[in-house]
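Secondary and tertiary structure notes
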Amino acid sequence: MGTELKDLAAKAYVYGFPLVFNLDQVRRYVTTGVGANPAAPFNTFSHADALAGPKDTFVSINNDTVYSMAQLDLANGPLLLEVPDTDGAYYVLQFVDAWTNNFAYVGKRATGTAAGRYLLTPPAWSGTLPDGAIRISFPTVVASIVGRWACAGEADLPRVRELQQRLTLTPVGEQGQPPGLPTPDPNVPEPLAFWEKLRVSLQAYPPAAQDLPLQQSFEPLGLLEWGPSPYADANPDLAAALTAGASAGHDGLVAALKSGAGDTIVNGWHQPFHAFDYNDDYFEVGTVNSSEWRIKDRARAIGLRAAAAMGGLWGNHGYEAAYSPVYLDGDGDELTGARSYTLTFAQAPPVDAFWSITMYDLPEYYLVDNEIDRYSIGDRTPGLVYAEDGSLTITLSAAEPTDPTARANWLPTPAAGFRPLLRMYSPRQEVFDGTYEIPPIVGVG
């Protein structure tokens, strides 16, 4: 029975990891803030006043856009969201529910860049829409808006800040203080803290209907118990199975991320362009509800959901932004700051917005501090030097290059292992059909 419980716990860990990990980040944003984004109460925006840097300790955070984040709690009723006219400039407001489903988009690709009004409503809400408002129905009472404004650097920040101030959330009707996140039992010992967080979160944020039978299968683990926590004074055999199962589930997710199981890999670059397609139930404004962007195998979708949360929480669907990470060079060797590398784009990534490569450390996938404060490089980076044939060669190294061209096109790496990530905003079809091929990273020293 111990082995059976451990295996069940490992399965439950993968199932529940996105919910727990996501809500931990929601809690950070409303209590301490994250880097350039100061803490802000539920139902208000937190606006970063700069592009992200190493102090923004959030998994795979981007350095291309300025963030406007809002953690929402609709327990007391709807909110009216009003967005400004951006005069054609790229932005996206991505809506993410408690389970990390991307269920709506507002922005240049999805709804255009004109001003707009949206009524954000809790599950099962019925009522009257304000004049000119479009409804966005939330799958869970708590959810996040992940706002990104394209920013061309320091000189462009005043324009972005003015747009941020015109982005508003207003309660509809008389509403008191929202209740916020459920509180785990503080008497649960640390090795079982994950399970207590999961237990209370499952009660507060029911999953999609098709996932309920799987959730109910975890009853032997105590996850379905209401009232006093079963983990405060757990049976030793159950505690051992939960601890071992969590470890096995976590290690499995880490291994899956590194191996890219199921990914198409071209020249070492993983192409998980459908890693955020696990939402199979909620399609609101700006989403693409088609078989191309849905995962038929639910068990696989749940595994991908967990891996996506660990490796790139709050990432967009591929049709909004395509992400391609790489762990190995063109020879199949792990990337390391002990070596120098080049990456030559004979043809720029085909996008309708812009592209970039951002440098991250391992295993946290955080931005890496460096002497020139450059954390990404792309088509908007000033001062890049192109070859006569129009190609662009980027140098990746921990040590500063001595060659002037290599120095101009340098993306600093950490001294140890690292993982670059290519982002393509508003990617064209060539990205998905294989017509465009990302070149390999080549070791040169």
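These numbers were taken from a predicted model, which means no experiment stands behind them.

1. Topic: the packing of aromatic side chains
Per the counting criterion, the structure on display carries 25 aromatic pairs. Between Tyr 29 and Phe 58, the ring centres sit 6.1 Å apart and the planes meet at 65 degrees, which makes this aromatic pair edge-to-face. Of this pair, Tyr 29 sits in helix H1 (residues 2-31) while Phe 58 sits in the loop between strand E1 (45-47) and strand E2 (65-73), and the two are 29 residues apart along the sequence. When sorted by exposure, Tyr 29 lands in the same class as Phe 58, which is buried. Site record: aromatic cluster; members linked through ring pairs are Tyr 13, Phe 17, Phe 21, Phe 194 and Trp 195. For Arg 109, the ring lying beneath its charged end belongs to Tyr 105, and the centroid distance is 5.3 Å. The ring of Phe 354 carries the charged tip of Arg 380 above its face, separated from the ring centre by 4.0 Å.

2. A few points about the domain arrangement of the protein chain
Under the domain assignment, the protein chain is made up of domain 1 (1-254) and domain 2 (264-444). The gap between the C-alpha centroids of domain 1 and domain 2 is 24 Å. Tallying the contact residues gives 58 residues for domain 1 and 48 residues for domain 2. A buried area of about 4400 Å², summed over both sides, lies between domain 1 and domain 2, and 57% of it is on carbon and sulfur atoms. On the domain 1 side of the contact with domain 2, Ser 60, Asp 64 and Arg 109 bury the most area, a combined 14% of that side's loss. Summed over the shared surface of domain 1 and domain 2, the result is four salt bridges.

3. With respect to helix H6 (residues 236-259)
Compared with the 34 Å implied by 1.5 Å per residue over 24 residues, the 34 Å span of H6 between its first and last C-alpha is a close match. For H6, the full list of buried residues reads Leu 238, Ala 239, Ala 241, Leu 242, Gly 245, Ala 246, Gly 249, Leu 253 and Leu 257. Residues of H6 that are buried sit in contact with H1, helix H4 (193-204) and helix H7 (298-312).

4. Thoughts on the layout of surface pockets
Looking at the largest pocket, its volume works out to about 920 Å³. Lining the largest pocket we find 49 residues, and of these Asp 263, Gln 271, Pro 272, Phe 273 and Ala 275 sit closest to its centre. Ranked by the residues each element gives to the lining of the largest pocket, the list is headed by H7, at seven residues. Of the residues contributing to the lining of the largest pocket, the split by class is 29 nonpolar, 14 polar and six charged. Looking at the lining of the largest pocket, you find at least three residues from each of domain 1 (1-254) and domain 2 (264-444). When its volume is computed, the second largest pocket comes out at roughly 570 Å³.

5. Remarks on the sheet that holds strand E14 (residues 355-361)
Spatially, E12-E18-E14-E15 is the arrangement adopted by the four strands of the open sheet, whose pairing is antiparallel. Unpaired on one side and paired on the other, strand E12 (321-325) and strand E15 (376-378) mark the two borders of the sheet. The sheet shows a mean angle of 20 degrees between the axes of neighbouring strands, direction not considered. Two elements, E14 and strand E18 (residues 418-425), share seven bridges in a ladder whose sense is antiparallel. Each residue of the ladder has a partner; that of Asp 361, found in E18, is Phe 418.

6. Comments concerning empty space enclosed by the protein
The final tally for this structure, using the stated rule, is three cavities of 30 Å³ or more. Its volume calculated, the largest cavity comes out at about 60 Å³. Every residue lining the largest cavity is listed: Val 20, Leu 23, Asp 24, Arg 27, Leu 181, Pro 182, Pro 184, Lys 197, Val 200 and Ser 201. Elements that contribute at least two residues to the lining of the largest cavity include exactly H1 and H4.

The rules we used
- Residues numbered from 1 in each chain as written.
- Predicted model: local features only at pLDDT ≥ 70, side-chain atom pairs only at ≥ 80, totals over all residues.
- Heavy atoms only, no water.
- Phe/Tyr/Trp six-rings, centres within 6.5 Å; stacked < 30°, edge-to-face > 60°.
- Helix = DSSP H or I, 4+ residues; strand = E, 2+ residues; numbered from the N terminus.
- Buried < 20%, exposed > 50% of the residue type's maximum accessible area, 1.4 Å probe, protein only.
- Lys NZ or Arg CZ within 6 Å of the ring centre and 35° of its normal.
- Domains from an automatic or database assignment.
- Contact = heavy atoms within 4.5 Å.
- Buried area = accessible area lost by both parts, 1.4 Å probe.
- Salt bridge = Lys/Arg side-chain N within 4 Å of Asp/Glu carboxyl O.
- Expected span 1.5 Å × (residues − 1).
- 1 Å grid on protein atoms, 1.4 Å probe; cavity = no way out; pocket = protein on both sides within 12 Å on 5 of 7 lines; lining within 4 Å.
- Points joined across faces, edges and corners; volume = space filled by probe spheres on them.
- Nonpolar A, V, L, I, M, F, W, Y, C, P; charged D, E, K, R; others polar.
- Pairing = 2+ DSSP bridges.
- Axes fitted to C-alpha atoms, helices over the stretch in contact; angles between N-to-C directions.

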